[in-house]
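Letter by letter, the chains look like this.
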Amino acid sequence: MLDKTYDPKAFESELYAEWEASGVFGASVDGNAQPFTAMMPPPNVTGSLHMGHALNMTLQDVLARWHRRRGHDALWQPGTDHAGIATQMVVERQLAREGTDRWSVGREAFIDRVWAWKAESGGRITGQLRRLGATPDWSRERFTMDEGLSRAVVKVFVDLYKQGLIYRDKRLVNWDPALQTAISDLEVEQKEVKGKLWHLRYPLTDDPDRFVTVATTRPETMLGDTGVAVHPDDDRYRDLIGKTVRLPIVGREIPIVADAYADPEQGSGAVKITPAHDFNDFEVGKRQGLATINILTPQARINDNAPEPYRGLDRYEARNKVVEAFDALGMVERIDDHVHMVPYGDRGGVPIEPFLTDQWYCDAETLAKPAIEAVESGKTRFAPKSWENTYFEWMRTIQPWCISRQLWWGHQIPAWYGPDGTVFVECSAQEAQAAAKAHYGTDAEVALVHDPDVLDTWFSSALWPFSTLGWPDEVPEVGRYYPGDVLVTAFDIIFFWVARMMMMGLHFMGEVPFRTVYIHALVRDENGQKMSKSKGNVIDPLELIETYGADALRFTLVSMAAQGRDIKLSTQRVEGYRNFATKLWNATRYCEMNDCVPRPDFDPSTVRHRINRWIVGEVVETAAKVDAGLEHYRFNEAAAALYQFAWNTFCDWYLEFTKPILSGGDTTVAEETRATTAWALSQLISLLNPLMPFVTEALWESLAPGEADRLIGRRWPDLAGLTVDPDARDEMGWVVRLITEIRAMRSEMNVPAGASIAAFLKDPALSTVERLDRHRPLIMRLARLETVAPLVGEVPVGSAQDVLDEATLVLPLAGVIDLDRERARLSREIGKWDAEIGKLDKKLANRQFLAKAPADVVEAQRERRAQFETSRDRLKEALARITPAA
């Protein structure tokens, strides 16, 4: 017998340990079952479980459990990412607390420290995933820096280099001066800053009294200006195109060029061009053949390419000094207050600089072509399909991919430089040495210098779908589990990860890495705001698990995972689904106390009683909805079907319908009902299991203690041989609707709960009268009626009425409630709702509000209005049901 109270802490951790020890999570590469493959997006080894992880991993786990129980050979491939910058920063902070830094300890010792930290603390997130109930094949856990994956990374780099698809180039990158490395766009966050817009005058070389005025938020970069751009159709400057201006302070003569990048409608229409310190300017510079002058050091100080007084200054010190010098020359036209976005490194925490430096690049444009075609042709599809447009937009405008980072932690680039700068790209130092000897025509050892840079973390992650399986070795896992069936991920890494896996998979494996990409929504707070520490609205999934149990959090996330709609999460919602688990617990205890236990020989197709035939059909329909929801990645629909059946159909209706049967004198019907109840509950628990694995396993063990198989390894319900009895479905559905409508009318009219009233059906069909006769005692008990019958004569004055199919439901309420008072109350309530709706209509019609408010705030107001309107209309319907007074 189950304990009286549902307490997830009492069994969740113990159950998980037993599951994992049993080996049930493992794939079987030698088996004959149909494989199902899902690649876990590897969380950072430095990471801690956040709500995005919780959603992503829960959805994957639901799929893995579902496929596993359907008899598939499910490989959910786990692992963690080495997270170059994040991990290096963790260890650098440790060194700082010790009064030293990585430069002092040296590269080799520093990397040893990182590995030591990884061994000690790097497994935290995988432990947290276990607490959530995630069931990947932990025996195959990989790490992007482990020996096998590192060999794959080296081979891919060398092969692409020798195919001309990786090369070294001098281009602008996002440079983090704090970390002194290039970073990806994903590692840049835009922050709104209250700054200044300086309007500076550049005098014409041949007419110093005439100026071209340019505006800039970064005056210090003028030290690197090599041109001024104007629009070719801008009449104000047409006569100046081809002439030059003299750059104040610097004295450099720079040309005025015609380029469509200059917008005549913005500012003066003239734009200063600094190719070495602005991405747009870099492109203009290439088009116009302008010089590229870098005026910053890696630490964002002014270098020796600037005039002597500015050398060595921090960029912001230089800014002030440049403005002072311009002001002294009378070259500052004006200074405006200016709110603008400034890019910050999300790890270094300082503004990044577009920085001209030598880096390694991958020819993404060439690699992208097959990846675009694969989605166009349907080899890989996105769900929801609308995300394909995002994928195409990025892929069709793709730029060279900067794959090098100036870090120590990561895959060191397999390139070595000879004495004259010749580069040798090989899989090992020995192979590089052999290539160098051949190149220089010598048998003597060549002095080679290993490139100190490491690869972008996304480079190794791009190989995840096949490197984790053992590639480049010839192993059976590659042939069996590649390509994968589905990738579950968030939209913000479609370009950074999904697209790159597509490119690498097609290039090296000749096939797409996954057939479906399911893009899940963001988890926001209950007001629709993005969670952030600065807002103080972050919800910790581990705290929710500790308070409400893992199943409550899992079911909350799955039930809200509607395609294309962000999740607005509140602790109240999680608490509500904890109550759902409690409801299941109590229902199972009720069944146990009434000897409703599974019968091995029970055949649901043979039940005879109408109520039992009805519940069998409801189980069949629910199972079909669950399968359809999971098959099409409509997780919320699967969850809704289960919740509706469990809470309403089974607990609130079927168990109530059958109480008189279990206590009645017909033992044959009672035994059939006990067996049917146990069967329906068993199917419900089994269907819920992928979504709420802990509580369902505990209930299963209590309900069927003699069963050898745990639910996690038990075959998925196959109800294909069962049919729905349409007569039982329609009849019991009618009973449910009748009782529900009577209860609603009682509530809306404020009928006292203890009042026993009469109910009548006006103009019922013969079949309706027969239904009423068959179920009269049940209807009277559950609707709290003193009688229910067909209406003979006219509708009594002071009755509440509503339509139920072909008949009219009539509740005579005169004498039970004060009808005039009730009409007045309903009218007042309707008026209150009208007033609230009017306030919202006024706000939503305010153009200023619509222009300034974030989109999610506006949407929340619209949703609120819809809720108010629903409440008002329900009261209007209630008012309309009351017949006029005599």
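See above for the structure.
All values derive from a computational prediction rather than experimental measurement.

Enquirer: Explain the overall build of the chain to me, and be specific about the residues and the numbers.
Expert: When helices and strands are counted, the chain shows 28 helices and 29 strands. Judged by the C-alpha coordinates and their principal axes, the chain covers about 105 × 70 × 55 Å. The proportion of buried residues among the 886 residues of the chain is 54%. Contacts in the chain between residues far apart in sequence, at least 24 positions, make up 77% of those at least 6 positions apart. In the form shown here, the chain has an accessible surface area of approximately 38500 Å², with 49% of it arising from carbon and sulfur atoms. Of the charged side chains in the chain, 103 are positive and 129 negative, and the gap between their average positions amounts to 4 Å.

Enquirer: Explain the nonpolar core to me, using residue names and the numbers behind them.
Expert: With 140 residues, the main nonpolar core has W614, F635, F650 and F657 as its most contacted residues. Non-local contacts of F657, meaning those with residues more than four positions away in its chain, are made with I611, W614, M732, V735, V736, I739, L778, R781 and L782. Formed by 64 residues, the second largest nonpolar core is a distinct cluster that contains A27, V375, A499 and V517.

Enquirer: Quick one: what's the story with the packing of aromatic side chains, residue by residue and with numbers?
Expert: According to the stated counting rule, one finds 43 aromatic pairs in the structure shown. Ring centres of W471 and F508 lie 5.8 Å apart, and the angle between their planes is 65 degrees; this geometry places the pair in the edge-to-face category. Residue W471 is found in the loop between α14 (464–467) and α15 (476–481), and its partner F508 is found in helix α16 (residues 494–509); the two are separated by 37 residues along the sequence. You can call W471 buried: its relative accessible area is 10%. Classification of F508 by relative accessible area gives buried; the value is 17%. Members of the aromatic cluster, connected to one another through ring pairs, are F157, Y161, W360, W401 and F459. Sitting above the plane of the W66 ring, R70 keeps its charged end 4.0 Å from the centroid. Between the NZ or CZ atom of R500 and the centre of the ring of W401, over which it lies, the distance is 4.1 Å.

Enquirer: Go over the pattern of salt bridges with me, naming the residues and quoting the values.
Expert: For side chains of opposite charge, pairing can occur when their charged atoms come near one another. Tallying each qualifying case throughout the model produces 66 salt bridges. Measuring nitrogen to oxygen at the nearest pair gives 2.9 Å for the salt bridge that ties D259 to R287. With a gap of 28 residues between them, D259 in the loop between β11 (253–258) and β12 (270–273) and R287 in helix α8 (residues 279–288) connect regions that are remote in the sequence. With a closest N to O distance of 2.6 Å, R396 and E376 form a salt bridge. Of this pair, R396 sits in the loop between α11 (387–395) and β16 (401–402) while E376 sits in helix α10 (residues 364–376); the two residues are 20 residues apart in sequence, bridging distant segments of the chain. Look at the salt bridges and you will find they share partners, linking D834, D841, R865, E869, R872 and D873 into a network.

Enquirer: Lay out the pairing of strand β26 (residues 757–762) in plain terms, naming residues and giving numbers.
Expert: Walk down a regular strand and you will see the side chains alternate between the two sheet faces. Most of β26 sits inside the fold, with five of its six residues counted as buried. Pairing analysis gives five bridges linking β26 to strand β27 (residues 785–790), with the strands arranged parallel. Among the inter-strand pairings, I757 is bridged to a residue of β27, identified as L785. Regarding topology, helix α25 (residues 766–783) serves as the crossover connection from β26 to the parallel β27, and that connection is right-handed.

Enquirer: Outline the sheet that holds strand β13 (residues 332–345), supporting the account with residue identities and numerical values.
Expert: Sheet architecture is open: three strands sit in the order β8-β7-β13, paired in antiparallel fashion. On the outer flanks of this sheet lie β8 (211–216) and β13, each paired with one strand and no other. Strand-to-strand twist in this sheet, taken as the mean axis angle between neighbours without regard to direction, amounts to 20 degrees. As paired elements, strand β7 (residues 188–203) and β13 share 13 bridges and run antiparallel to each other. Bridge pairing in β13 places W198 opposite I335. The strands touched by helix α9 (residues 315–328) within the sheet are β7 and β13, with β7 carrying the most contacts at an inclination of about 25 degrees.

Enquirer: So what's going on with the state of the cysteines? Which residues, and what values?
Expert: Applying the stated criterion to the full structure yields zero disulfides. Free of any disulfide, C427 has its nearest neighbouring cysteine sulfur in C362, separated by 16 Å. Unpaired in terms of disulfides, C651 finds its nearest cysteine sulfur in C591, a separation of 8.1 Å. C651 gets classed as buried once you look at its relative accessible area, which sits at 9%.

Enquirer: Help me get a handle on unusual backbone geometry, residues and values and all.
Expert: Each neighbour pair has its own omega, and for A383 with P384 the value is 0 degrees, a cis peptide bond. Tracing the backbone through its elements, the reader meets P384 in the loop between β15 (381–383) and α11. Following Y482, the chain continues into P483 via a peptide bond in cis, with omega recorded as 0 degrees. Along the chain, P483 turns up in the loop between α15 and β22 (484–490). Backbone geometry at Q180 places phi at a positive 55 degrees, although glycine is not the residue there. Here Q180 is to be found in the loop between β5 (166–176) and β6 (181–183). In this structure, N750 is a non-glycine residue whose phi angle is positive, near 60 degrees.

Enquirer: I'd like a rundown of the side chain of E748, residues and numbers included.
Expert: With respect to the helices, strands and loops of the structure, E748 is situated in helix α24 (residues 726–748). In this structure E748 comes out as buried when scored by relative accessible area, which is 15%.

Enquirer: Explain the packing of helix α17 (residues 541–548) against helix α19 (residues 571–593) residue by residue, including any values.
Expert: The contact between α17 and α19 brings their axes to 10 Å, and the two run at 35 degrees. The hand of the α17/α19 crossing is right-handed. Here L544, T547 and Y548 of α17 lie close against α19, whose contacting residues are T571, V574, E575 and R578. Across the contact of α17 with α19, the residue classes tally to three nonpolar, two polar and two charged.

Enquirer: Tell me about the environment of S386, residues and numbers included.
Expert: By secondary structure assignment, the location of S386 is in the loop between β15 and α11. Sequence-wise, S386 and I519 are 133 residues apart; in three dimensions their C-alpha atoms are separated by 9.9 Å.

Enquirer: Explain the sheet that holds β27 to me, using residue names and the numbers behind them.
Expert: Sheets are built from strands that pair by backbone hydrogen bonding, the pairs being arranged parallel or antiparallel. Pairing in this open sheet of four strands is mixed, and the strands run β27-β26-β29-β28 from one edge to the other. The two strands at the open ends of the sheet, each matched to only one other strand, are β27 and β28 (799–804). Geometrically, the sheet is characterised by an average inter-axis angle of 20 degrees between neighbouring strands, direction not taken into account. The pairing of β28 with strand β29 (residues 807–812) spans six bridges and is classified as antiparallel. Its bridge partner being in β29, Q801 is matched across the sheet by V810. The sheet strands contacting α24 are β26, β27, β28 and β29, and the helix crosses β28 at an angle near 150 degrees.

Enquirer: An account of the environment of I837 is needed here, citing residue identities and associated values.
Expert: Counting through the fold element by element, I837 comes out in helix α26 (residues 819–844). Leaving out residues up to four positions away in the same chain, I837 has contacts with R865, F868, E869 and R872.

Enquirer: Can you lay out the packing of helix α2 (residues 51–69) against helix α20 (residues 610–631) for me, pointing to particular residues and giving the numbers?
Expert: Contact geometry of α2 with α20 gives a least axis separation of 11 Å together with a crossing angle of 120 degrees. Considering the angle they form, α2 stands oblique to α20. In this structure, the crossing between α2 and α20 has a hand that is left-handed. On the side of α2, the interface is formed by V62, L63 and W66, while α20 contributes D627, L630 and E631. Residues of the contact of α2 with α20, tallied by class, amount to four nonpolar, no polar and two charged.

Enquirer: Quick rundown of the side chain of D456? Include the residues and the values.
Expert: Mapped onto the elements of the fold, D456 is located in the loop between β21 (454–455) and α13 (457–461). Accessibility expressed as a relative area gives 3% for D456, which makes it buried. Excluding residues within four positions of it along the chain, D456 makes contact with W401, C402, I403, R405 and R500.

Enquirer: Lay out the environment of G410 with the relevant residues and their values.
Expert: Its location among the elements puts G410 in the loop between β17 (404–405) and β18 (415–417). Its relative accessible area of 11% is what places G410 among the buried residues. On a C-alpha basis, the gap between G410 and I882 in space is 75 Å, while along the polypeptide they are 472 residues apart. Once residues within four sequence positions are removed from consideration, G410 is found in contact with H82, M145 and V454.

Rules of the game
Residues numbered from 1 in each chain as written. Predicted model: local features only at pLDDT ≥ 70, side-chain atom pairs only at ≥ 80, totals over all residues. Heavy atoms only, no water. Helix = DSSP H or I, 4+ residues; strand = E, 2+ residues; numbered from the N terminus. Buried < 20%, exposed > 50% of the residue type's maximum accessible area, 1.4 Å probe, protein only. Contact = heavy atoms within 4.5 Å. Areas by Shrake-Rupley, 256 points an atom, 1.4 Å probe, with all protein chains shown as cover. Lys, Arg positive; Asp, Glu negative; His and termini not counted. Charge placed at Lys NZ, Arg CZ, Asp CG, Glu CD. Core = buried A, V, L, I, M, F, W, Y, C linked by side-chain atoms within 4.5 Å. Phe/Tyr/Trp six-rings, centres within 6.5 Å; stacked < 30°, edge-to-face > 60°. Lys NZ or Arg CZ within 6 Å of the ring centre and 35° of its normal. Salt bridge = Lys/Arg side-chain N within 4 Å of Asp/Glu carboxyl O. Pairing = 2+ DSSP bridges. Right-handed = clockwise from strand over helix to strand, strands pointing away. Axes fitted to C-alpha atoms, helices over the stretch in contact; angles between N-to-C directions. Disulfide = S-S within 2.5 Å. Left-handed = near helix turned anticlockwise from the far one by under 90°. Nonpolar A, V, L, I, M, F, W, Y, C, P; charged D, E, K, R; others polar. Parallel < 35°, antiparallel > 145°, perpendicular 65-115°, else oblique.

None of the figures reported here should be taken as evidence of function without further support.
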